[in-house]
Amino acid sequence: MINIGILALQGAVREHAKALEASDVNVIVVKRTEQLDELDGLVFPGGESTTMRRLIDKYDFFEPLKAFAESGKPMFGTCAGAILMATEIKGQDDPHLAVMDMTVERNAFGRQRESFETALNVNGVGEDVHGVFIRAPIIERVGPSVEVLSEYEGDIVAAKQGQFLACSYHPELTDDDRMHQYFVQMVRKNQVLA
Amino acid sequence: MKQTGTDRVKRGMAEMQKGGVIMDVINAEQAKIAEEAGAVAVMALERVPADIRAAGGVARMADPSIVEEVTNAVSIPVMAKARIGHIVEARVLEAMGVDYIDESEVLTPADEVYHLNKRDYTVPFVCGARDLGEASRRIGEGASMIRTKGEPGTGNIVEAVRHMRMMQSQIKQVVGMSEDEIMTEAKNLGAPYDVLMEIKRTGKFPVVNFAAGGIATPADAALMMQLGADGVFVGSGIFKSDNPERFARAIVEATTHYEDYKLIAELSKGLGSAMKGIEISTLEAKDRMQERGW
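About the criteria used
Residues numbered from 1 in each chain as written. Chains lettered and ligands numbered in written order. Predicted model: local features only at pLDDT ≥ 70, side-chain atom pairs only at ≥ 80, totals over all residues. Heavy atoms only, no water. Pairing = 2+ DSSP bridges. Helix = DSSP H or I, 4+ residues; strand = E, 2+ residues; numbered from the N terminus. Salt bridge = Lys/Arg side-chain N within 4 Å of Asp/Glu carboxyl O. Buried < 20%, exposed > 50% of the residue type's maximum accessible area, 1.4 Å probe, protein only. Phe/Tyr/Trp six-rings, centres within 6.5 Å; stacked < 30°, edge-to-face > 60°. Lys NZ or Arg CZ within 6 Å of the ring centre and 35° of its normal. Contact = heavy atoms within 4.5 Å. Buried area = accessible area lost by both parts, 1.4 Å probe. Polar contact = N/O pair within 3.5 Å; in protein donor to acceptor, adjacent residues only side chain to side chain. Nonpolar A, V, L, I, M, F, W, Y, C, P; charged D, E, K, R; others polar.

Chemist: An account of the sheet that holds strand 7 (residues 116-122) of chain A is needed here, citing residue identities and associated values.
Modeler: As summarised here, the arrangement of the three strands in space is 8(A)-7(A)-1(B), forming an open sheet in which the pairing is antiparallel. The open sheet has two edge strands with one neighbour each: strand 8 (126-133) of chain A together with strand 1 (3-4) of chain B. With two bridges joining them, strand 7 of chain A and strand 1 of chain B adopt antiparallel strand pairing. Considered in strand 1 of chain B, the bridge of A:E117 is made with B:Q3.

Chemist: Describe the pattern of salt bridges, with residues and values.
Modeler: Overall, the coordinates contain 32 salt bridges over all chains when judged by the stated rule. We note a salt bridge from A:R53 to A:D57, for which the minimum N-O separation is 3.0 Å. Placement of both A:R53 and A:D57 in helix 2 (residues 49-58) is noted, with a separation of four residues, approximately one turn of the helix. Judged by relative accessible area, which is 37%, A:D57 ranks as partly exposed. Put simply, B:K81, B:D102, B:E105 and B:R147 are held in one network by salt bridges that share partners.

Chemist: Would you mind going over the packing of aromatic side chains in detail, with residue names and values included?
Modeler: What the rule picks out here adds up to 10 aromatic pairs over all chains. Geometrically, the ring pair formed by A:F133 and A:Y152 is tilted, given 6.0 Å between the ring centres and 35° between the ring planes. Residue A:F133 is located in strand 8, and its partner A:Y152 is located in strand 10 (residues 147-152); the two are separated by 19 residues in the primary sequence. The exposure classification of A:F133 matches that of A:Y152, with both residues buried. Within the aromatic cluster, the residues linked to one another by ring pairs are A:F109, A:F116, A:F133, A:Y152 and A:Y169. Sitting over the face of the ring of A:F116, B:K2 holds its NZ or CZ atom 4.6 Å from the ring centroid.

Chemist: Quick rundown of the interface of chain B and chain A? Include the residues and the values.
Modeler: Contact with chain B, which involves 45 residues of that partner, is made by 37 residues of chain A. Of the roughly 3,300 Å² buried between chain B and chain A, counting both surfaces, carbon and sulfur atoms make up 50%. For chain B, the biggest contributors to the area lost against chain A are B:R8, B:M16 and B:H257; these three give 21% of the whole. In this structure, the connection of chain B to chain A is made through seven salt bridges. Between A:E15 and B:K18 there is a salt bridge whose closest N-O contact spans 2.6 Å. Seen at the junction of chain B and chain A, the total is 26 residue pairs in polar contact (both at pLDDT 80 or more). Counting only elements with at least two residues in the side of chain B that touches chain A, the list comes to strand 1, helix 1 (7-15), helix 2 (28-37), helix 5 (87-95) and helix 12 (244-256) of chain B. The element that contributes the greatest number of residues to the side of chain B that touches chain A is helix 1 of chain B, accounting for six residues. Of the residues that constitute the side of chain B that touches chain A, the class distribution is 16 nonpolar, 15 polar and 14 charged.

Spelled out as structure tokens, the structure:
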């Protein structure tokens, strides 16, 4: 069975675990850097990106996570997770892990009262994927090797670049596991190649 | 079709705060310290609970200019408190774009009979509770997040512990009951039947449950996490301590790694004095904020 980790420094960890378990994978809640060694893929959950970044630095996760990305293993970030992965964050001097070639804008839809849910057409995943947007970012720009998977009213909300998958919304808050199944497929394919 | 203010969106916002610390702040400078320390949200207030307690008189919603100042200072979510049952304070905070409203017993209640009908609002609410009945009534009214009441502004964890243990033990009882016992339990607790049935089915609250009221040290925060809290609110504990920056960071780290005792020892070293604190038995009944609301 393949091992998929969820970075568990802060945020909606349990919900991701539930969605992944439905795909028959072994889920590992990652709180220590040495746990990264046993993983075939890694999820960055939703939460607060500033908090996660502080804890990443505090517990020396930064370099091991960069190394994990360089090893070619798949990574999936939802909302705050996508912000951690982006090479550029609008209005901020420095990005976080900077592994996926895109610019994100934080809280792009506004404050909590503007948070919403809707059905999305996501390439390769489904035409009616349940998207829950909570103080969500948008992907404002993507690099040439990034494939746009979904747009909402003209803004990019899901994208894939090789081993990296990112979305603005929270598939973990719904009973719709198709985004997770899609990521698990990415991990399985990567295993066959490796 | 796009829908705002749904249960999923309001409860989901609280789900994203899990494992985190929400800190009381009274100005932009404190808000920045909190964000820098890794707070998942800030609560914008005119005074922290310890000062409200000391000042006496009627405590109301904060001056909107403070809420605005804090909102402009940070990128993390901003919460603010409205008085229990004060429809207009809640509407004002919602109109200002506050991300979460705390219908709070720390302020003087505006209505001694009715809590807010929180389903009417697009903004989500957090409410305090001492036991499963109270928590379920608030969820029934539409609260999207629950927290223990504890005894705010005392720096004494004993009441938050009592409330969290009570809720956890009552949840276990409900889960262990057969379905035909639930209506009687609903009557006994004064809890909506549907909420208890959902708890029985899922084994947990339908919303996130944080600890609040009296958390003063990193060890206090870790204790509440071990008792089953999804995260913690720290009110007076941080900015009433000797070294707020270090205290804030230490509490954030202890909340994440609440079972790592060596780490908690390390980050508790030389932190300076925590807030002074109050022994609960010295508080007269009228001074107990947890008795506000029902």
